[in-house]
Structure formats: C-alpha cells, structure tokens
Amino acid sequence: MSKKNLNPGLRTIQPLCSPLSLTAFRPLKLTFTYRYNRHITYILAALLLCLCIVKSGRSQSTGAQPAHLTAQQFIDQLLQKMTLEEKIGQLNLSVMSGGAVTGTTMSADIVTHIKSGRMGGIFGIWDPAEIRKIQQLAVDSSRLHIPLLFGLDVIHGHKTIFPVPLALASSWDTALIRKAARVAGIEASADGINWVYSPMVDIARDPRWGRVVEGAGEDPFLGSQIAAAMVKGYQGDDLSLSNTVMACVKHFALYGAGVAGREYNSVDMSRLQMYQYYLPPYKAAVDAGAGSFMTSFNDINGMPATANHWLLTDLLRGEWGFKGFITSDYGSVSELANHGLGTPAQVAALALKAGTDMEMVGDLYINTLKQSLESHKITLAEINSSCRRILEAKYRLGLFKDPYHYLDLKRSKKLEMTPEHLELAKEAATNSFVLLKNDGILPLKPTGKIAVIGPLADSKENMVGAWNIAGDPQQCVTIVEGIKNFVAGDGTVTFQKGANITDDSLLRKRVNTFKKEITTDPRSAEEMIRDAVKSAENADVIIAVVGEAADMTGESASRTEINIPSSQQRLLKALRKTGKPMVMVLMNGRPLTLNWADKHANALLDVWFPGTTAGPAVADVLFGQVNPSGKLTMSFPRSVGQVPIYYNHKSTGRPFDEQKDGSKFKSDYLDQSNLPLYPFGYGLSYTKFSYGPIKVSDQHPKGNQTITATVKVTNTGKYRGKETLQCYLTDPVARVTRSVQDLIGFKKISLAPGESREVPFEISTRSLSYYDEDLHFGWDPGAFIIRIGTNSRDTESIKIDWEK
Ligand code: NOJ
C-alpha cells in the first residue's frame, strides 16, 4: 500500500465527516474494508472516529445547528459564545468590489473581516463558485463558523429579465407578478443568493423621480397587493428551502415622496398622509411575512429614516409586529453625518438605537459601536437584539443546517433562463404593455414594407431597463429582431436608427456609468434623420421606437423635463412629415409628457423596458397575436408643471372646473388643465368593452357587513381581450378631508368577442374606512359612491347609504 493510494482516501474523509453530509459515509467505509488489511482498517476507523468527535464537538460550539435545539435555544447558546466584536460583526454588511456599487464608499478588507467574524453578509456577487469560497471562509476560518448572508439587487428577474417593476404593475395581475418573483427567486437562489433587495414598495406620485420605475406606482391599494405578491413569490412557503430567498422590503419609508422628485431628498409629511396613502404597501409586506426591511435615504419630518426610532421601532416593530431584521441602505448610516446628526460614532449609535440592525457599507458599526458601548451611548441589549435578529434570519434560511445549500453549482446552470422562465417573462411583458392611443391602425398586418426606426429599436443594452444586475443584455431579443422574426416570409423590414437617444453629452456620460446605453452615431443628426426619412418614404408603415435609455430612470435619475429627448423629437417630426402611418413604440421607465405624440401618432404603445423577451413580446402585440391589456399605475401628466399628479387627490375648498369657463378663484392652472393626459388605470385594447349599470346587493346596508356591487361587462369588439375592471369609492362626508376617490378593488378578466360577464366586487366596511386625525381607522355612516369602470376617469357609479 503506497502513500499515493492512501492520500486520496484521507482527503475525502474530511468533508464526509462533517455533520452536514453523514449519509455519504457508508460507501467510503466499504471501500476501506476491501482495500486495507484489518489492522489498518481499525486504526483508520479509530482515527476517523476521533476526527468526527473533534469535528462534531466543534460543531456544537459553532454555527452548525444541532437537531435537538429549538431556534431560540440555538441562538441563545450561540449568542452566549459570541464576543462583543463578533456580535457587532454580524451587523456588518459589505459589498464585493466589482458588484453593484451604488454609493461612494467601499468596505475595506473584506477577507480579514470575514475571518475575524466581523461580517454578517456580503452583497453584489452572484457567482456560486465564488460565493462558495467566501462562505467557506466564514464557515471554516471564523472562530464560531457562522455563515454569511448573500444579498443582491434582484429587482425584476435575475438571469431571465422581466419587465421593469412599474411595467409589471401595469399588468394588474398579482398572480403573474408573484410567479415572476418566484422565478427570480429560483434563479437567484441557484446562483447562491439567499437574500434579495426587493420588492420596492414606495408609493410614487412624482414622475420626475427616477425610481418610479422600481415600484408599483401611485396607488396604495394596488401597491399593497403587489407588495404581498412579490414577498410571497420570493419567499415561497418555506424559507429554509434551497430555492426560496428572503425578501428585503424597501425603502422604509416614504422614499418616493422626496421634495420636487429629486433623488435622496427630504420628506415632510403629516402622519395622516402617511397612514392613508404611503404606508399601506410596507404594512402589506409585513403581513405577507417579509423577512427583512431596508431603510430609505430620506429624512422624515426632520429625522432620517435610518435613525428614526419612531419609524423603525415604534411603528414597524411595535405597531405592525415586524419580527425580521432591518438593514440600512448603501452608506445611509454614515450619511447621517451629512444630514447633520453628528460624528461617525454618534450617528452609528443613533442608527442602532433607532432599530437599524445592520449597516450596509460604511464600517461605522464595526469601527465605533464598541466604544459607544463602553461610553454608555448604547446598551449591550441593543447590540444583542440586532445580532439576534440577523442570526434568526440565517436560521430561517437554513444556513446553520447547511451553509452551502444554495451552492449547488450544477443547479445554477440548470435553472437559468429555462424555456419556462423565458415564456413567463414574455407573458409578463405582453401583459404589461399599455396601449395609449390607437386610431385603428393596430394590430398591424405582418405584410408589406415596414420601416422600423429609432435609437431604441435595436439596442440590447436598453431592453433590460434599470436595475438589471445579473442578466446579460446580449441575451435580449431586440424589437427589430422580434419584428423581423415575426414577419419573416411575409413582410419586409428595414431599420434605421434615425437619432441618438440624446445628443446631450453630460446626460450621456451619467447614463452610461455602467454600460453603454447611449451610443453616438458617426453620422450627424441631419444625416441620420435624412436616412430615416428615406426609409420611411419607401415603406407602408413606420414603427418608431423611441423614449428613454434604460438608466434615464432608476437610482440617481431624476429629470426636470420628462419628455422624449429632443434629438428623437426632431426625428419624429420629420417622420410625421412623410405622411406615412406611424406607430410609436415607447420605451420609458416613468410617465412622460406625450402631448405631441398623442396628437400625431396613429398609435402609441408603451412597452416600458420589457426585458429579455422584448422583441417577440412587442411583435406579438403589434401584430395582434396578443391583445394589449396593461393599464397605467401612474398618471401621465400633460406637462411637468402638473406634477405631483395622482388620481386620489383631495377636492379642495375650491374644486377646479374641468370645463374652464374662465371663472377665477378655482384650484387650477391658468395655462393648463388639472387633468392628466392619461389617467391612472387607463389602457386601451384592440377590442371594446362596454359596462352596464352597477347593481348592489343592498343599497342600504347596516353595520359590519359585506355587500356586493356587480357590473356586467361585454366585449363588443372583434378580438378576445382582457379587461381590468376597477372599483373606486368616494366618501363625500367624513371627519377629515378625503380623496375624491380611492381604488378599493380590481379584477382582470378575459372575454371572447360578444361575451358578457357579471363581475362582482365585495365591499366591506374596511373599504369604507380611513384614518382620522387621531389615526384611528374606521368609517362613518352615511352616503358613499361606488364607481366601477375601465379606468379612474371613466366609471359607472351608484350611491349607497350605509348605516351604523
Ligand atoms: C442603494 C439602493 O437605494 C437600494 O435600493 C439597493 O438595494 C442598494 N443600493 C444595494 O445595491
């Protein structure tokens, strides 16, 4: 027996001895019996036993999870073994260089921190082999072998990129949205991720803010349903499985209400406004079981969210009963100093005391909390609580049982971009497109000469939208490719870029920070337009694909003019002059001002940023394979001067006069209507739906009961189509001022041509309830108006009287 023979056996013994893989022990023992004489076998067996005892003894004193302990007991015992530095270490979250760096600071010396137990989690890396190495470093080299969390911005898909969240919301299909989050969770977990920084549930009423693209829009009711669907999609029913991931709800709170739509800006808001309109989606995410929250960058009434004790501890944990852990946003603990709250040590202490358990990037917790404890600025109980919550999250994720259970390298490849995932992404895309205008030109016939023109028509980089971290834009099918594939053999397709997305060099530089979304053509603007016009003149129809570059929305992407950039406007005007029919396909991550387009285009289809399957999805809708059914979840203003603009506004004491009869002293503008160009809930179809009058099960209900309001909807057009019926409530007399109407229900149905359906909405006293000045949630007896219709502007209505 040579050493050569023995060594490979011994090398295999070590991992097999681990309590994590005891089942693999038996075949190894058999091999030994056949290969070595009895003495050697005994010696080896004894050695093996010793090794196992040493190892399992170690596991008792480490992060590995013995089966006989409850979570509570296990974490109690672990906490007892931890030094102060190790406890503070769990509160530290660092970004891997090369990952998604969204701030100006970077954590230093990650490896040293991991080895010394000064790291709770890492984010910004999604290579399972690399993650395995890092996890191994934590498990093997740190004193207590506590595994790390691995987080990532999985915002609208992981490898398979789904439409951006504002688009997904436009589907009004919560089952579909949940499935999309599930697929994202499956793909991300297969890449070693156990924690995703999604959903973003910030209510947004100001389209100047670039991050409207990441949320569900302006309505708290719809936003709440979507928040819950996404949390459940990511987390599934059992967080300890290898294909479920912990959601991180963000950004707590009111991030979308920054003054003037400017990124990271201040928020000053009454509690009444918060409770009624802004907080419900966060609360819905808590109720859906979200495991973690992320604080927002903004201050709220003078106290930044990251240091806001009322927000994080009294409201989120106290009033709502949130049991998970709270991380800061990127550098938002250290940025408290910029808010003017003190020295680095002071702000770190403030954040911890407020309830921020984990610091994302900045290292203030690991560098200052020990001294703050020694100088009695914080307590050990506060450190223990935060550390406990993070350990609990790791426990729930099954990481103490098996730190590597997300790290099966074969699974990663198998689960990426499968045909099923791509099919779902396409279904999500087609359901998210909103038809804003159609004079009858759509659906197009896939024949004749089609001129596809525009800088976004053939740009893979832009199909994926903002916040695509792990997806490969090169895997996207562009709109030109999608159209060419669709019409192949029937029609002919030409393509011209026509214009650069923008000719503004500063804007281009900022947008191109991560990838080259805005390219500059070697031709002059005039030459590009001339070539495009020539192509349009030779065609039967123009499909103009225009709008924003992907990163003209997203983080740090506020705009004061929310229009189609001027280089493209010039192109559109030149194309219009050809007199050829023009369909505009719009790509954008926010509501845009579209007055010119609304007037001059024959049809206007908003496809947002559709993701990996952009091309086939757009082609399917343009050529009528799929009938568009998306509805806006943010109002589209006529001009930026109208923003913030939202459907559930108050009436004021001097309600505006829609007819504009010239009278003064109304709450309106001299130069513009108050009404949006396209209202909340708006979206057309290739077919028509007619609504009958509303019937209620009881027009004089009493007390705490539920009534039904039913409407008959008929497909009166030629195509099968999906319609989202929306139910709104107006409360004309209350103890505080109320919105002119609030969404209280919606249903998406599919009808064949000529088909009718009675669609019921259940209305309970909960739907009538609101927050009063004392923040009591309740309802008053009296008259209510129920409205049901195709959007927030066009509704049937009925008055009911509800007695106490
Ligand atoms: C900053 C963003 O605000 C947040 O949404 C994101 O999750 C973190 N950076 C991590 O990338």
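Provided above is the structure to which this section pertains.
Cut-offs applied
- Residues numbered from 1 in each chain as written.
- Predicted model: local features only at pLDDT ≥ 70, side-chain atom pairs only at ≥ 80, totals over all residues.
- Heavy atoms only, no water.
- Helix = DSSP H or I, 4+ residues; strand = E, 2+ residues; numbered from the N terminus.
- Buried < 20%, exposed > 50% of the residue type's maximum accessible area, 1.4 Å probe, protein only.
- Contact = heavy atoms within 4.5 Å.
- Areas by Shrake-Rupley, 256 points an atom, 1.4 Å probe, with all protein chains shown as cover.
- Lys, Arg positive; Asp, Glu negative; His and termini not counted.
- Charge placed at Lys NZ, Arg CZ, Asp CG, Glu CD.
- Axes fitted to C-alpha atoms, helices over the stretch in contact; angles between N-to-C directions.
- Parallel < 35°, antiparallel > 145°, perpendicular 65-115°, else oblique.
- Left-handed = near helix turned anticlockwise from the far one by under 90°.
- Nonpolar A, V, L, I, M, F, W, Y, C, P; charged D, E, K, R; others polar.
- Polar contact = N/O pair within 3.5 Å; in protein donor to acceptor, adjacent residues only side chain to side chain.
- Phe/Tyr/Trp six-rings, centres within 6.5 Å; stacked < 30°, edge-to-face > 60°.
- Lys NZ or Arg CZ within 6 Å of the ring centre and 35° of its normal.
- Pairing = 2+ DSSP bridges.
- Salt bridge = Lys/Arg side-chain N within 4 Å of Asp/Glu carboxyl O.
- 1 Å grid on protein atoms, 1.4 Å probe; cavity = no way out; pocket = protein on both sides within 12 Å on 5 of 7 lines; lining within 4 Å.
- Points joined across faces, edges and corners; volume = space filled by probe spheres on them.

1. Some points on the overall build of the chain
- Helix and strand content of the chain: 26 helices and 26 strands.
- Taken over 804 residues, the chain has a buried fraction of 58%.
- Taking the intrachain contacts of the chain between residues at least 6 apart in sequence as the baseline, contacts between residues at least 24 apart amount to 78%.
- Surface summary for the chain: the accessible area is close to 31800 Å², and the carbon and sulfur share equals 53%.
- Taking the average place of the 89 positive charges on the side chains of the chain and the average place of its 80 negative ones, the gap between the two points comes to 5 Å.

2. Remarks on the packing of helix α20 (residues 479–487) against helix α25 (residues 614–622)
- One can describe the packing of α20 onto α25 by two numbers: an axis separation of 7 Å at closest approach and a directional angle of 55°. Put simply, α20 runs oblique to α25. The two elements α20 and α25 cross, and the hand of that crossing is right-handed. Taking contact as the criterion, the partners of Ile479, Gly482, Ile483 and Phe486 in α20 are, on α25, Gly615, Pro616, Val618, Ala619, Asp620 and Leu622.
- Tallied by class, residues from the contact of α20 with α25 come to 7 nonpolar, 2 polar and 1 charged.

3. Let's talk about the side chain of threonine 430
- With respect to the element layout, threonine 430 can be found in helix α18 (residues 419–432).
- Polar contacts involving the side chain of threonine 430 include one to the main-chain carbonyl oxygen of glutamate 427, which spans 3.1 Å.
- Residues within four places of threonine 430 in sequence aside, it is in contact with Ala617, Asp620, Val621 and Val626.

4. Some points on the environment of leucine 350
- Its place among the elements puts leucine 350 in helix α14 (residues 344–354).
- Its relative accessible area of 30% is what places leucine 350 among the partly exposed residues.
- The spatial distance from the C-alpha of leucine 350 to the C-alpha of isoleucine 562 is 38 Å, given a sequence separation of 212 residues.
- Among all residues touching leucine 350, those that are not within four sequence positions of it are Ala307 and Leu341.

5. Notes on the packing of aromatic side chains
- Applying the stated criterion across every chain, the model contains 26 aromatic pairs.
- For the cation-ring pair, lysine 804 lies above tryptophan 779, with the distance from its terminal atom to the ring centre recorded as 4.1 Å.

6. Section: the sheet that holds strand β21 (residues 742–751)
- With respect to topology, 4 strands assemble into an open sheet ordered β21-β20-β25-β26, the strand pairing being antiparallel. Because the sheet does not close on itself, it has two edges, and the strands there are β21 and β26 (795–802). Ignoring which end each strand starts from, the neighbouring axes of this sheet average 20° apart.
- One ladder, built from 8 bridges, connects strand β25 (residues 782–789) with β26; its direction is antiparallel. Within the sheet, the bridge partner assigned to glycine 782 lies in β26 and is tryptophan 802.

7. Section: the pattern of salt bridges
- One pass over the full model with this rule turns up 31 salt bridges.
- Arginine 735 is the salt-bridge partner of aspartate 780, the closest N and O atoms lying 2.9 Å from each other. Taken together, the positions of aspartate 780 in the loop between β24 (777–778) and β25 and arginine 735 in the loop between β20 (721–730) and β21 put the pair 45 residues apart, joining distant regions of the chain.
- Ionic pairing is found between glutamate 755 and arginine 757, a salt bridge with its closest N-O pair at 3.5 Å.
- Judged by relative accessible area, glutamate 755 falls into the partly exposed class, the value being 27%.
- Residue classification places arginine 757 among the partly exposed residues on the basis of a relative accessible area of 32%.
- Overlapping salt bridges bring together Lys159, Asp191 and Glu416 as one network.

8. Observations concerning empty space enclosed by the protein
- Tallied over the entire structure, the rule returns 8 cavities of 30 Å³ or more.
- As a volume, the largest cavity reaches approximately 120 Å³.
- Taken together, 18 residues line the largest cavity, and the ones lying closest to its centre are Met200, Gly215, Ala216, Ile226 and Met230.
- Looking at the lining of the largest cavity, the elements that each hand over two or more residues are α8 (165–170) and α10 (220–235).
- Per-element tally for the lining of the largest cavity: the top contributor is α10, with 4 residues.
- For the lining of the largest cavity, the per-class residue count stands at 13 nonpolar, 3 polar and 2 charged.

9. A closer look at unusual backbone geometry
- For the bond from lysine 250 to histidine 251, the omega torsion is -5°, close enough to zero to count as cis.
- Following leucine 442, the chain continues to proline 443 via a peptide bond in cis, the omega torsion being 0°.
- Secondary-structure assignment places proline 443 in the loop between β11 (434–438) and β12 (448–453).
- Notably, tryptophan 172 is not glycine yet its phi reads approximately 50°, a positive angle.
- The backbone phi angle of histidine 376 is positive, close to 60°, even though this residue is not glycine.

10. Concerning helix α11 (residues 271–278)
- Taken residue by residue, α11 has Met274, Tyr275, Gln276, Tyr277 and Tyr278 as its buried positions.
- As for α11, its buried residues are in contact with α10, α12 (280–287), β7 (299–300), α13 (309–319), β21 and β23 (770–771).

11. A look at the environment of phenylalanine 746
- When you line up the elements, phenylalanine 746 lands in strand β21.
- Separated by 573 residues in the primary sequence, phenylalanine 746 and aspartate 173 place their C-alpha atoms 9.6 Å from one another.
- Phenylalanine 746 has contacts with Trp172, Thr174, Phe221, Leu222, Gln225, Thr724, Leu725, Gln726 and Phe761, leaving out every residue within four places of it along the chain.

12. Overview of the sheet that holds strand β14 (residues 541–547)
- Pairing is mixed in the open sheet, where 6 strands are placed in the order β11-β16-β15-β14-β12-β13. Each end of this open sheet is capped by a strand with a single partner; those strands are β11 and β13 (491–496). Mean inter-strand twist for the sheet, computed between neighbouring axes without regard to direction, equals 15°.
- Contacts from helix α23 (residues 566–577) reach β12, β14 and β15 (582–587) within the one sheet, and its direction differs from that of β14 by about 165°.
- In the packing of α25 onto the sheet, the strands contacted are β14, β15 and β16 (603–606), and the crossing angle to β15 comes to about 145°.

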